[in-house]
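# Secondary and tertiary structure notes
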Amino acid sequence: MKFLPVMLAKSHPSEKAGVRLRSSGNFIYIKRITEDGLFDRCSGYVAREGMRVLRIANIPVDGMHEDNLLEIINRASGKLKFLLAYGSEKELRTVKAKDIIEITVKKPKDGKFKLSIAGFPGNVCVTKIAQGSPFEDTALRIGDTLLGADTIDFANMQASHIREFLREASGFVTFIARSNEATVPSMAAFRVENQAFEIDPQIIDSFPERVLPSRSCLKRYSTSKPVRLDGDPNRFHYIIEWMRKGRIRLPASISRPDFLADLEVYGFQRIDSETIEAGSKLVQAFNVKHVKSTMSKQQEHIKELEELEKEMSDEVNYGRFASTLASAAFAEMITGDDDTINLSSIGKSSWKYNLRPNQAVNLEEGKLAKVFASYMAAYDMNIQHVRGWTVSVEERGDYSITDVKKNKQKLDHRLRNLEAQLVELREEIRFRKFSTVVAREAFSQMITVERQEYIDLTDVALAAKDDYLETGDFSGDSEEKLGAMFESYLVSYGLYVVDINKWKVRLDFVKDAV
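What you see is a predicted model; the values in this text were computed from it and never measured. (Residues numbered from 1 in each chain as written. Predicted model: local features only at pLDDT ≥ 70, side-chain atom pairs only at ≥ 80, totals over all residues. Heavy atoms only, no water.)

## Topic: helix α1 (residues 66–75)
As a reminder, the rule being used: The classification of residues rests on relative accessible area computed with a 1.4 Å probe and restricted to protein chains. Under 20% of the type maximum is buried, over 50% is exposed, and intermediate values are partly exposed. The way it works is that DSSP assigns letters per residue, a run of H or I at least four long becomes a helix, a run of E at least two long becomes a strand, and they are numbered from the N terminus. Regarding the arc, it is the one traced by the directions from the helix axis to the C-beta atoms. For this analysis, residues touch if any pair of their heavy atoms sits within 4.5 Å.
Looking only at α1, the buried set comprises Leu69, Leu70 and Ile73. Angularly, the buried residues of α1 cover 100° about the axis, an arc narrow enough to put them on a single face. On its buried face, α1 is in contact with β2 (19–24), β3 (27–33), β4 (52–56) and β6 (79–86).

## Description of the nonpolar core
Selection criterion: For this analysis, a nonpolar core means a set of buried residues of the types Ala, Val, Leu, Ile, Met, Phe, Trp, Tyr and Cys, connected via side-chain atoms within 4.5 Å.
Core analysis: the largest hydrophobic core is formed by 30 residues, its most contacted members being Leu218, Phe236, Met243, Phe259 and Phe268. Contributing elements (two or more residues each) for this core: β13 (188–192), β14 (195–199), α4 (201–205), β15 (227–229), α5 (233–245), α6 (256–265) and β22 (495–501). No other element matches the six residues that α5 contributes to this core. Excluding its chain neighbours within four sequence positions, the residues that come into contact with Phe268 are Phe207, Val211, Leu212, Leu218, Ile239, Trp242, Met243 and Leu263. Within the second largest apolar cluster, 29 residues are counted, among which are Val316, Leu325, Ile341 and Val386.

## A closer look at a positive patch on the surface
In plain terms, the rule: Excluding any residue in a salt bridge, patches collect residues exceeding 30% relative accessible area, merging like charges within 9 Å and nonpolar Val, Leu, Ile, Met, Phe, Trp and Tyr side chains within 5 Å. Values of accessible area rely on a 1.4 Å probe in the Shrake-Rupley scheme; residue burial ignores everything except the protein chains shown. Note on definitions: salt bridges are taken to be side-chain nitrogens of Lys or Arg within 4 Å of carboxyl oxygens of Asp or Glu. Just so you know, the count uses Lys and Arg for positive and Asp and Glu for negative, and it drops His and the chain ends. Think of each charge as sitting on NZ of Lys, CZ of Arg, CG of Asp or CD of Glu.
On the surface, Arg163, Arg167, Arg210 and Arg270 cluster together to form a positively charged patch. Relative to the elements of secondary structure, Arg167 occurs in helix α3 (residues 159–168).

## Some words on the sheet that holds β15
Formally: Strand pairing requires that DSSP identify at least two bridges connecting the strands. Fitted lines through C-alpha atoms give the axes, limited to the stretch in contact for helices. The angle between two N-to-C directions lies from 0 to 180 degrees.
Here three strands make up an open sheet; going across it, the order is β14-β13-β15 and the pairing mixed. Strand pairing shows two members of the sheet lacking a second neighbour, β14 and β15, which therefore form its edges. Pairwise comparison of adjacent strand axes, ignoring direction, gives a mean angle of 30° for this sheet. Across the face of the sheet, α5 comes into contact with β13, β14 and β15 while running at roughly 5° to β14.

## Some remarks on the pairing of strand β12 (residues 172–178)
Of all seven residues making up β12, five are buried, and the element is well covered by its neighbours. The pairing of strand β7 (residues 100–106) with β12 spans seven bridges and is antiparallel. Pairing of Ile101 across the sheet is with Ala177, part of β12. Here four bridges tie strand β10 (residues 145–149) to β12, and the two strands are oriented antiparallel to one another.

## Concerning the confidence of the model for the protein
Inclusion rule: pLDDT is defined as a per-residue confidence score from the predictor, taking values between 0 and 100.
Residues at a pLDDT of 70 or more form 84% of the protein, whose mean pLDDT is 78. Taken together, the stretch residues 280–286 has pLDDT below 50 and engages in 18 contacts with residues farther than four places along the chain or on a different chain.

## With respect to α6
Of the positions making up α6, those classed as buried are Phe259, Asp262 and Leu263. Taken down its axis, α6 places every buried residue within 100° of arc, on the same side. Exposed side chains of α6 directed beyond 90 degrees from the buried face belong to Pro257, Glu264 and Val265. Those residues of α6 hidden inside the fold are in contact with α5, β16 (248–249) and β17 (276–277). Downstream of α6 by a residue or two, Gly267 has a phi angle that is positive, lying close to 105°.

## Points about the UniProt feature "coiled-coil region" (unreviewed entry) in the protein
The condition is simple: UniProt positions are given in the numbering used here, feature names are shortened, and annotations may be inferred rather than shown by experiment.
UniProt feature "coiled-coil region" (unreviewed entry): in the numbering of this structure it lies at residues 288–315 and 401–428. Overall, residues 401–428 shows 100% helix and 0% strand. The separation of its end C-alpha atoms is 41 Å.

## Details of the packing of aromatic side chains
Basically, it comes down to this: For this analysis, a ring pair means two rings from Phe, Tyr or Trp (six-membered ring only for Trp) whose centres lie within 6.5 Å, classed as stacked if their planes differ by under 30 degrees, edge-to-face if by over 60, and tilted for the remaining angles. A ring has a charge above it when a Lys NZ or an Arg CZ is no more than 6 Å from the ring centre and no more than 35 degrees off the ring normal.
Per the counting criterion, the structure on display carries ten aromatic pairs. Their ring planes at 70° and their centres at 5.7 Å tell us that Phe154 and Phe165 sit as a pair that is edge-to-face. One end of the pair, Phe154, is in the loop between β11 (152–153) and α3; the other, Phe165, is in helix α3, with eleven residues separating them in the sequence. The class of Phe154 is buried, set by a relative accessible area of 1%. Look at Phe197 and Phe236: their rings are 5.0 Å apart centre to centre, the planes differ by 65°, and that puts the pair in the edge-to-face class. Of the two residues, Phe197 sits in strand β14 while Phe236 sits in helix α5, which places them 39 residues apart along the sequence. Assigned by exposure class, Phe197 and Phe236 land together as buried. Clustering of aromatic rings is evident, with ring pairs tying together Phe190, Phe197, Phe236 and Tyr266. The residue whose ring lies beneath Arg22 is Tyr29, and the NZ or CZ to ring-centre distance is 4.5 Å. Over the aromatic face of Phe27 sits the side chain of Arg52, whose NZ or CZ is 3.8 Å from the ring centroid.

Listed below in structure tokens is the structure:
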């Protein structure tokens, strides 16, 4: 079975798909390519009858009705990205579209993808994604199976041949892989002293024979009962982490020579020593004076951001308020006979919704007066005199509605941008306050305990969450930003995250931290 990434470009927005589809179970196949349309122009060398459609615009189509897919294609404009598969009917039915990954990367200038692979034809898996690899920020993960690249099918290729392809490739290359995260295989179980450990057998099997020979005790794993091993369970935990991630930074409590000796006992050979970094000693790990100074600067920065938030909030509130007043003034101006306009009624009701209760309203002078004047100018009205809620404006003979609309749209666009910036600023302040409290607690525990595998931050994190965070902070991009902010605060204290499970974290001191 082969996979084919396809980019089709419509010659004009109304161009039809030029294809008939058929559904079979949850899958969609190309039934026939008609004589005109998008698919007809690329038939023969790209799309063929009998192919299965896996994705459109990176969206899996499994379970979608054929008519809905056709409607999406017909309504789309410009370029359309497809992922197709072809092979025997039996092969095509074994593939789940959601498990197929399509990744396009550019080969670095140094000519290295920094990707390690191992396995046998049809099951060549990723064993390591090195730091600086173009795959680092993609969906590709350790354990995923490489299926092909561009028009090359990897199904019958040895791992050595795929490595040769990687060396010779250039420019942008589109890889097809199968994610193995969705599958839940039986785990290889081990017991060291009284502690149980589990690891995906595919990770063990992915190690080349020259590194982990078949005679190794780890290769003789069992998925039904734990295999008992001699050794230190604390060091074995880090051996499992090293196998999963391809590299490890040891804590100060575990010596690098002992760790390498354990690897030799368990049968590992020809270890890349650069993948194992020794931890720094506790006494060298941090400088209390520096940390105190860092904490003080962080508090000062938060105060500066809060001052900026207040200024931006006032500007947004004044903008909303002035927009409402200017709109009412313009309506009164073009429908009334008097050049003196009383805005008392609309002003008092708008004040309640747009300004803070203690925020003064003064149209005669100050910041609000300037904002109000700019909105009045957008409506082509010059303020002559202001007294309370009464505004005298310069009379005009003709109004250009087109110009007024353009001016108003510019001010409204600026206001919307300002509102969006204000939302992001408030989120940053919340995240910084939360991270300050939780990171300080983590630092406090790290320097007051002699040795601790995991630090439980649950109580302080939940309390800080109630004090500073909102419901939306735990979804999508916001959750990632919060995690990154928290880790950046830890780094500023000389700490980094080794492992995290909800709010139980295992930390270590950054090497050579000041």
